[in-house]
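Summary of the model geometry
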Amino acid sequence: MKFKAKIMDEKAINRSITRLSHEIIEKNKGIEDVVLIGIHTRGVPLAKRLASKIKQIENADVAVASLDITLYRDDLSKIDDNPIINKNQIDININDKNVILIDDVIFTGRTVRAAMDALIDIGRPKTIQLAVLVDRGHRELPIRPDYIGKNVPTSKKEIISVRLDEVDKENKVEIFEK
């Protein structure tokens, strides 16, 4: 892969988290009945960062959980014969809650579709909303994020790499060409 550009540095990521937090609070008229669910892997630390920022703004905690969608993927057989399954950490009742799925990048929409299938197996939320750090386009399914940190038009030959301190020991978003 060939490096093309740094799209976001740590400050830009933090600014996006702040803006997304305000948008979530505004759209939901507060945080009552809001649950943030991060999609493994990088959606989980993003959900925790959003919860921390929302606590600073609203002076109240918002519930956070993590979701592994591996078994719900429609391309599971293409990925690996022995996929690694992470444990879902949803010990929160999501029935009649405004669930906000959090992911790092949205591309085709297939990951989000798998996450919605997994959520419906767990409970029946009042709403399912979607927040992403980067929207790179090229949807294959009619799925659109409610909250977007940054729109980055890409070609299908390009790859967006999100690196977060909690997983990768650095904070940045870069674009590469295959």
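Numbers given to residues run from 1 along each chain, matching the order in which its sequence is written. Given that the model is predicted, a residue must reach a pLDDT of at least 70 before its local features are reported, and side-chain atom pairs must reach 80 or more before they are shown or counted; all residues, however, enter totals for whole chains, interfaces and linings. Computation of side-chain values: all heavy atoms of the structure, hydrogens and water removed.

Section: the sheet that holds strand E5 (residues 127-135)
Test applied: What makes two strands pair is DSSP finding at least two bridges between them. Strands are runs of DSSP state E lasting at least 2 residues, helices are runs of H or I lasting at least 4, and numbering of each runs from the N terminus. The convention used is that axes are lines fitted to C-alpha atoms, helices contributing only their stretch in contact, and that angles between N-to-C directions extend from 0 to 180 degrees. Only heavy atoms enter the contact rule, under which two residues are in contact if any of them lie within 4.5 Å.
With parallel pairing, 5 strands are arranged side by side in an open sheet as E3-E2-E4-E5-E6. Each end of this open sheet is capped by a strand with a single partner; those strands are strand E3 (63-67) and strand E6 (147-151). The mean angle between the axes of side-by-side strands here comes to 25 degrees, regardless of whether they run parallel or antiparallel. Two elements, strand E2 (residues 34-39) and strand E4 (residues 98-106), share 5 bridges in a ladder whose sense is parallel. Bridge pairing in E4 places isoleucine 37 opposite leucine 101. With respect to the sheet, helix H1 (residues 10-27) is in contact with E4, E5 and E6, its orientation differing from that of E6 by roughly 150 degrees.

Overview of the pattern of salt bridges
What counts here: The rule for a salt bridge is simple: a side-chain nitrogen of Lys or Arg has to be within 4 Å of a carboxyl oxygen of Asp or Glu. Buried means the residue's accessible area, taken with a 1.4 Å probe over protein chains only, is under 20% of the maximum for its type, while exposed means over 50%, and partly exposed covers the values in between.
Applying the stated criterion to the full structure yields 15 salt bridges. The partner of lysine 97 in a salt bridge is aspartate 33, and the shortest N-O contact between them spans 3.5 Å. Of the two residues, lysine 97 sits in the loop between helix H3 (76-79) and E4 while aspartate 33 sits in the loop between H1 and E2, which places them 64 residues apart along the sequence. Residue classification places aspartate 33 among the partly exposed residues on the basis of a relative accessible area of 29%. One salt bridge connects glutamate 170 with arginine 163, and the closest N-O pair in it is separated by 2.9 Å. On the basis of relative accessibility, which here comes to 27%, the residue glutamate 170 falls in the partly exposed class. Linked by salt bridges that have partners in common, Arg42, Arg163, Asp168, Glu170, Lys172 and Glu174 make up one network.

Function cannot be inferred from these measures alone, as they are strictly geometric.
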